[in-house]
Amino acid sequence: MAGSTDIDAEVLVCGGGMAGTVAAIAAARAGADTLLVERWGFLGGSATAAAVGQFVGWETEAGRQVIQGTAEEVVRRLERHGASGGHTRFTMSTGHAMDQVSYDPEALKLVLDEMAAEAGVRVLFHATIADVRASGQRIEAVSVQTKAGVLTIHPRVVIDASGDLDVLERAGATFLPLAADEAPQPATMMFRFGPIDFPRFDALSTAERQELARQGVESGALARAALHQSRIPGTHDGWFNISRVSLDATDPFALSAGEMEGRRQAFSAATFLRAHVPGCEDGRLVTLAAQLGIRESRRVQGDYLLTADDLRAQRRFPDAIAVAAYPMDIHPAKGAGLSFETLGGDRAYEIPFRCLIPKGFDNVLVAGRGISATHGAHASVRVMPTTMAIGQAAGTAAAMVVAGNAGTRAVSPGLLRERLRAADAFLTA
Ligand SMILES: Cc1cc2nc3c(=O)[nH]c(=O)nc-3n(C[C@H](O)[C@H](O)[C@H](O)COP(=O)(O)OP(=O)(O)OC[C@H]3O[C@@H](n4cnc5c(N)ncnc54)[C@H](O)[C@@H]3O)c2cc1C
């Protein structure tokens with residue numbers, strides 16, 4: 001790291017997706033000097049760069065809202081900007097009813113800017129993780145590549161919220177292997193399509209949609225057997241989530257080829273929509289997402305490994321830092337279908353703080369889709385309301401680590417839960 005500029009930060013958050021941004025806001029609100037580094041020029045990660053367009057997984061199937069706190073604050077602020085209609089319900093291609101908050105990704109960028117600035121987060125855009133120096137159980141320095149060259153940050157606590165866990169990879173952490181019968185969930189190139197005659201499009205029955213999607217897959221025009229989209233509030237356009245690219249997102253050449261394949265599939269799907277789907281005759285592909293959306297890559301080995309059985313059994317934990325209820329939603333790496341296992345009724349599960357603590361490190365936390373969870377549990381944890389709840393816990397805990405001048409394992413679970421509740425987080429499964 002010779003020749004670089006050096007700066008200090010009490011809490012360094014790497015990656016400004018929904019988890020990292022909420023983590024940085026929570027740490028700064030709790031009084032820590034917080035630096036958030038992000039490779040793009042805006043916050044939101046998959047929510048904005050990959051244009052996912054809807055937050056799902058707020059409620060149990062029975063309709064009890066279990067994700068609140070800062071995640072809900074994001075929704076309220078989007079509503080004030082006219083960029084979301086708030087909580088609604090829709091029916092999936094599988095026939096499952098689900099809660100949903102659609103939003104305009106462009107306005108979300110603004111909302112996250114405002115929230116980070118108001119909290120006092122120092123935000124560094126166009127900064128890519130380059131190198132990490134670890135010593136014993138600690139990360140001592142993280143260097144990022146910027147327009148001005150290499151900047152080396154000396155943090156007290158690091159939150160790896162980079163999705164792919166690039167910081168922990170460079171620090172030599174251990175990641176969870178996939179079982180022989182598992183593969184990472186495929187990526188998707190989201191695309192904006194419109195104008196759509198929504199009264200006609202929405203009038204299609206589930207059976208009609210399934211039949212159209214089946215024809216699309218059979219003809220080779222669609223990679224996913226669904227016509228899934230989320231309407232962009234205030235427009236006649238929707239973000240379509242119907243492409244599918246299987247890859248190892250941590251392999252730079254595979255990722256490059258995947259971006260191209262995602263674009264090819266998006267244009268193919270748009271041509272199919274226009275030609276065959278009622279309500280889409282006058283539409284065209286308006287925009288591609290800025291990047292391929294990555295559902296799954298590295299998952300860290302943490303102090304506790306959350307499993308699908310923990311979710312099914314609604315296992316309780318004394319150090320629970322979030323409650324979630326989203327189904328285990330697996331897009332298979334091969335084929336056009338979906339595996340969707342709901343928890344049922346009013347059932348929800350808990351996520352223990354130990355899932356955020358990587359084995360072998362004492363000043364690092366993980367926020368977002370890379371926490372310590374099996375492939376099956378990750379398939380539920382990965383949705384954005386849950387990653388925001390995890391982010392809020394990670395940021396709050398990081399500020400406690402700074403204040404207590406001890407390691408992450410010295411954080412009192414009881415006190416952490418008290419602080420989270422005081423900040424409107426929901427913790428009763
Ligand atoms: C196609 C698709 C559809 C989905 N559909 C839904 C849905 O309908 N509803 C829902 O709630 N969830 C959905 N999900 C899941 C959800 O969007 C993601 O799991 C979630 O957004 C992950 O958030 P995160 O903050 O953990 O990670 P990410 O969003 O991946 O954020 C990571 C951040 O780190 C930055 N970063 C990465 N590497 C580096 C680096 N080396 N240096 C600097 N910065 C870096 C990235 O730019 C990004 O901002 C979907 C996901 C995909 C891909």
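Since this is a predicted model, take the numbers as computed values, not measurements.

## Brief notes about the site of the ligand
Here comes step 1: Neighbouring the ligand are 33 residues; Glu38, Arg39, Gln54, Asp166 and Arg382 lie closest to it.
Here comes step 2: At a separation of 2.8 Å, a nitrogen atom of the ligand approaches a polar backbone atom of Gln54.
Here comes step 3: At a separation of 3.0 Å, an oxygen atom of the ligand approaches a polar backbone atom of Arg369.
Here comes step 4: Relative to its unbound accessible surface of 1000 Å², the ligand loses 96% to contact with the protein.
Here comes step 5: Among the secondary structure elements, those contributing two or more residues to the shell around the ligand are helix H1 (18–29), strand E3 (54–56), strand E7 (128–135) and helix H10 (384–404).
Here comes step 6: In terms of residue class, the shell around the ligand is built from 13 nonpolar, 14 polar and six charged.

## Things to note about the layout of surface pockets
Here comes step 1: For the second largest pocket, the calculated volume is near 510 Å³.
Here comes step 2: Looking at the second largest pocket, it is lined by 23 residues, and the ones nearest its centre are Phe90, Gln100, Asp202, Arg209 and Gln229.
Here comes step 3: For the lining of the second largest pocket, the residue count by class is seven nonpolar, 12 polar and four charged.

## Focus on the sheet that holds strand E13 (residues 284–288)
Paired through backbone hydrogen bonds, the strands of a sheet run either parallel or antiparallel to each other.
Here comes step 1: In spatial order, the strands read E11-E12-E10-E13; together these four strands make up an open sheet with antiparallel pairing. Bordering the open sheet on either side are strand E11 (229–231) and E13, each of which pairs with just one other strand. Between one strand axis and the next, the sheet turns by 30 degrees as a mean value, whatever way the strands run.
Here comes step 2: When E11 meets strand E12 (residues 238–240), the two strands line up antiparallel, connected through three bridges. Residue pairing across strands places Arg231 opposite Gly238, the latter belonging to E12.
Here comes step 3: Most of the contacts of helix H7 (residues 252–276) go to strand E10 (residues 191–194), to which it runs at about 20 degrees, and overall it touches E10, E12 and E13.

Cut-offs applied
- Residues numbered from 1 in each chain as written.
- Predicted model: local features only at pLDDT ≥ 70, side-chain atom pairs only at ≥ 80, totals over all residues.
- Heavy atoms only, no water.
- Near = heavy atom within 4 Å.
- Polar contact = N/O pair within 3.5 Å; in protein donor to acceptor, adjacent residues only side chain to side chain.
- Areas by Shrake-Rupley, 256 points an atom, 1.4 Å probe, with all protein chains shown as cover.
- Helix = DSSP H or I, 4+ residues; strand = E, 2+ residues; numbered from the N terminus.
- Nonpolar A, V, L, I, M, F, W, Y, C, P; charged D, E, K, R; others polar.
- 1 Å grid on protein atoms, 1.4 Å probe; cavity = no way out; pocket = protein on both sides within 12 Å on 5 of 7 lines; lining within 4 Å.
- Points joined across faces, edges and corners; volume = space filled by probe spheres on them.
- Pairing = 2+ DSSP bridges.
- Axes fitted to C-alpha atoms, helices over the stretch in contact; angles between N-to-C directions.
- Contact = heavy atoms within 4.5 Å.

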